[in-house]
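Here is what each chain is made of, one letter per residue.
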Amino acid sequence: MKHFPSVLLVLMLALSLPAAAQNKGYGWPMDLRPASFSSTYGELRRNHFHAGLDWRTGGHVGEPLKAIKAGYVCRLSVSPVGYGNAVYIQHPDGTMSVYGHMDRFRDDIARRVREEQYKNKSYRVYFDLAPGEFPLEKGEVFGYSGNTGSSGGPHLHMEIRTDGDNLPLNYLASGVYSVTDTKKPDIRRVGFYAFEDSTTVPQVRRLAMISNPEKHKGTVAVSDKFYVAIDAVDYMEGTSGRLAVENYRVYLDSEKVFDFKVGDVPYSEGRYFACLVQQGEKGHDLLKTWCVPNNGLLYKIDAVNDGIISLEDDAVHTLRLVVSDCFGNSSSCSLNVRRDATLKVFDPVDTVDCLAALWYVPQVYSRDGMTMFIEPASLNASTYIKCEKLAPASPSLGRYSDMWAVGDEDIHLQKRIKLSFSTAGVPDELLDKCYIVRKGSDGDLSFAGNQHLDGAVAADCRFGTYYVAVDTEAPVLRPRVEDGARLPESGRFSIEAIDLGSGVDTFNAEMDGEWILSQFVGSRIQIYPDSSHRSGGRHTMRVSATDHCGNTAQVEFDVIY
Ligand SMILES: [Zn+2]
């Protein structure tokens, strides 16, 4: 009798799992045990949805990767960003497994990739394969773990997809691998935000940020209407990483006012994760209860009054927050709140420097030669967009227009805005060499775009600081080997390519007049000679690079194998 409740709990958990994904005969992708994860499905990332699981690889590259189920390699991709070197395996049950950031492919698969790169004259390839090309048994090695693409350290990013390849599954939650997780999530911070939509554009102000809310004493003063944002992370045995929370709930006194469950998220909806995020300092984001209108994930949220909480009297009320992970471990905290009528004052909005933008209609702001166009549904919610002229044009400082700061860099856009700047300040002979430069918050300058319009130059942009610049200088190319140098048999080599203006846009490398595989990494063009290149003595290299304004440089030199 004593064990009855836990048996019942296990039974209930098992019944709540999606049937299609249960246990299902998947093997492990690597031999490393115990499996440990640095990142899980559905983390709150402001810029992209994390559709997979990041498996730790012991800090090194080169772990053999095994097919988790029989099938065939249906797609291969190579890219300097994103998943880097990646293998996609189609399984007969209709699911597909995806393995990213690989160090290298198995030799026969690598030869197939090289073939495709030469056929397309491109380092970056992404192509489908027929079922007969590389069939795989369950457990068969197809490559090695690595750190390629957008990866901040050696790990394996693995996804299981279904529904064509549209729906990435939260396969840890659905029990594909038996892992132990008895650790509760941790509610680290709770933010309180005053909310007012006296006009059609809401105003928001942060009222309080409570760290260690479980230990918090006292009462939080709130405005008539407010929302909360929760910073919570999950933990698991054997893993020091901070993992994703699966379910967030908020109760006002005893009434549930907010409930969000991550579940499985189709790729087409991943971008709406940004709508759930309250952006915090230093990238520490929180999940907010306010349901912004342009959120394609609203169907996963059960909220009273769009997650805006209002207090009807001046009594002390209790707000209870509950978070749980996908194994049913949960944590909660209670915070006392009381209405304070003085907390309603917002900064007046200057309408000259500000656009009151409704998210569902097109918006245009135009002043002194700068025009901003915003398509409908670019913004997640209606908001005020500040447009400020920071400095006048000054050609001697490289600025051929005024410098403008438009919007808040932290506001996430579903579609880019179009910025156009008058080219009235650009001399005629430089018109085709002008472009829009973005000045980052760290002062870094980068190319934003150069669509040439009548009397203007335009670019698709995020919010930020921009002006018009001119680039007439070709990139500077410096081979990192001496002309006529003898290279070791294994030798790859590179050419430094620096463009201080608009930046390197395209590049090309040829050996003895034939295209050769190369990649632009950082500020270098890396050359990948095959064994066929690495023989026969002296070879003539011709390498060129062109910047975004059409200025081209070329170098020729010899290498000897
Ligand atoms: Zn990942």
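Residues numbered from 1 in each chain as written. Predicted model: local features only at pLDDT ≥ 70, side-chain atom pairs only at ≥ 80, totals over all residues.

Further remarks concern the overall build of the protein. The helix and strand inventory of the protein stands at four helices and 45 strands. In terms of overall dimensions, the protein has a C-alpha envelope of 85 × 70 × 35 Å along the principal axes. Scored against the burial criterion, the 561 residues of the protein give a buried share of 34%. Sequence separation of at least 24 residues holds for 67% of the intrachain contacts in the protein that already meet a minimum separation of 6. (Helix = DSSP H or I, 4+ residues; strand = E, 2+ residues; numbered from the N terminus. Buried ≥ 20, exposed ≤ 12 C-beta atoms within 10 Å, placed from the backbone. Contact = placed C-beta atoms within 7 Å.)

As paired strands, strand β16 (residues 225–236) and strand β17 (residues 239–243) are joined by two bridges and run antiparallel to one another. Paired with Met236 across the bridge in β17 is Thr239. Hairpin connection of β16 to β17: two residues between the antiparallel strands, including Gly238 at a positive phi of 75 degrees. (Pairing = 2+ DSSP bridges.)

Next up on the list: the environment of Ile498. Following the sequence through the fold, Ile498 ends up in strand β39 (residues 493–498). The sequence separation of Ile498 and Leu477 amounts to 21 residues, and the corresponding C-alpha distance is 6.7 Å. Contacts of Ile498, omitting those with residues within four sequence positions, involve Pro475, Val476 and Ser523.

In this section: helix α2 (residues 107–120). End to end, α2 covers 20 Å across 14 residues, agreeing with the expected 20 Å (1.5 Å per residue, within 8%). Looking one or two residues beyond α2, the residue adopting positive phi is Lys121, at roughly 45 degrees. (Expected span 1.5 Å × (residues − 1).)

Taken domain by domain, the protein comprises domain 1 (19–168), domain 2 (186–339), domain 3 (354–470) and domain 4 (476–560). Listed by partner, the interface residues are five residues for domain 3 and four residues for domain 4. When its residues are assigned to classes, the side of domain 3 that touches domain 4 shows two nonpolar, two polar and one charged. (Domains from an automatic or database assignment. Nonpolar A, V, L, I, M, F, W, Y, C, P; charged D, E, K, R; others polar.)

Next up on the list: the nonpolar core. Judged by nonpolar contacts, the single largest core of 80 residues is most densely connected at Val87 and Ile230. When residues of this core are assigned to domains, at least three map to each of domain 1 (19–168) and domain 2 (186–339). Ignoring any residue separated from it by four or fewer positions in sequence, one finds Ile230 in contact with Ile187, Val190, Tyr248, Leu286, Leu287, Leu321 and Val323. Formed by 31 residues, the second largest nonpolar core is a distinct cluster that contains Leu355, Met403, Phe421 and Phe447. (Core = buried A, V, L, I, M, F, W, Y, C linked by C-beta atoms within 7 Å.)

For the rest of this paragraph, the subject is the environment of Arg106. Relative to the elements of secondary structure, Arg106 occurs in the loop between β7 (104–105) and α2. Expressed as a C-alpha distance, the spacing of Arg106 and Tyr41, which sit 65 residues apart in the sequence, is 28 Å. Among all residues touching Arg106, those that are not within four sequence positions of it are Val141, Phe142 and Gly143.

The strand order across the open sheet formed by six strands is β15-β25-β24-β18-β19-β22, and the pairing between neighbours is mixed. Both edges of this open sheet fall to β15 (219–222) and β22 (301–303), since each of them pairs with a single strand only. Neighbour-to-neighbour, the strand axes of the sheet open up by a mean angle of 25 degrees, direction not taken into account. Where strand β18 (residues 247–252) and strand β24 (residues 317–324) come together, six bridges link them in antiparallel fashion. Each residue of the ladder has a partner; that of Tyr248, found in β24, is Val323. (Axes fitted to C-alpha atoms, helices over the stretch in contact; angles between N-to-C directions.)

Paired through their backbone hydrogen bonds, the strands of a sheet run either parallel or antiparallel. The five strands lie next to each other as β27-β28-β31-β35-β34, forming an open sheet whose pairing is antiparallel. If you trace the sheet from one side to the other, it starts and ends with β27 (363–367) and β34 (451–453), each paired once. For this sheet, the mean inter-axis angle between neighbouring strands, taken without regard to orientation, is 20 degrees. Looking at chain direction, β27 and strand β28 (residues 370–374) are connected through five bridges and run antiparallel. Paired with Ser366 across the bridge in β28 is Thr371.

In this structure, the amide linkage connecting Arg33 to the following residue, Pro34, adopts the cis form with an omega of -10 degrees. Despite not being glycine, Lys121 shows a phi value in the positive range, around 45 degrees. You can see Lys121 is positioned in the loop between α2 and β8 (125–128). With phi around 50 degrees, Asn305 is a residue other than glycine that occupies positive phi space. When you line up the elements, Asn305 lands in the loop between β22 and β23 (309–310).

On to the confidence of the model for the protein. Here the protein averages 90 in pLDDT, and 94% of its residues register 70 or above. Across residues 1–22, confidence stays below pLDDT 50; counting only partners more than four residues off in sequence or on other chains, it has 11 contacts. (pLDDT = per-residue confidence, 0-100.)

Now for the environment of Ile309. One can find Ile309 in strand β23. Sequence spacing of Ile309 and Leu53 is 256 residues, and the spatial spacing of their C-alpha atoms is 34 Å. In this structure, Ile309 is in contact with Phe226, Tyr227, Leu252 and Val257, ignoring residues within four places of it in sequence.

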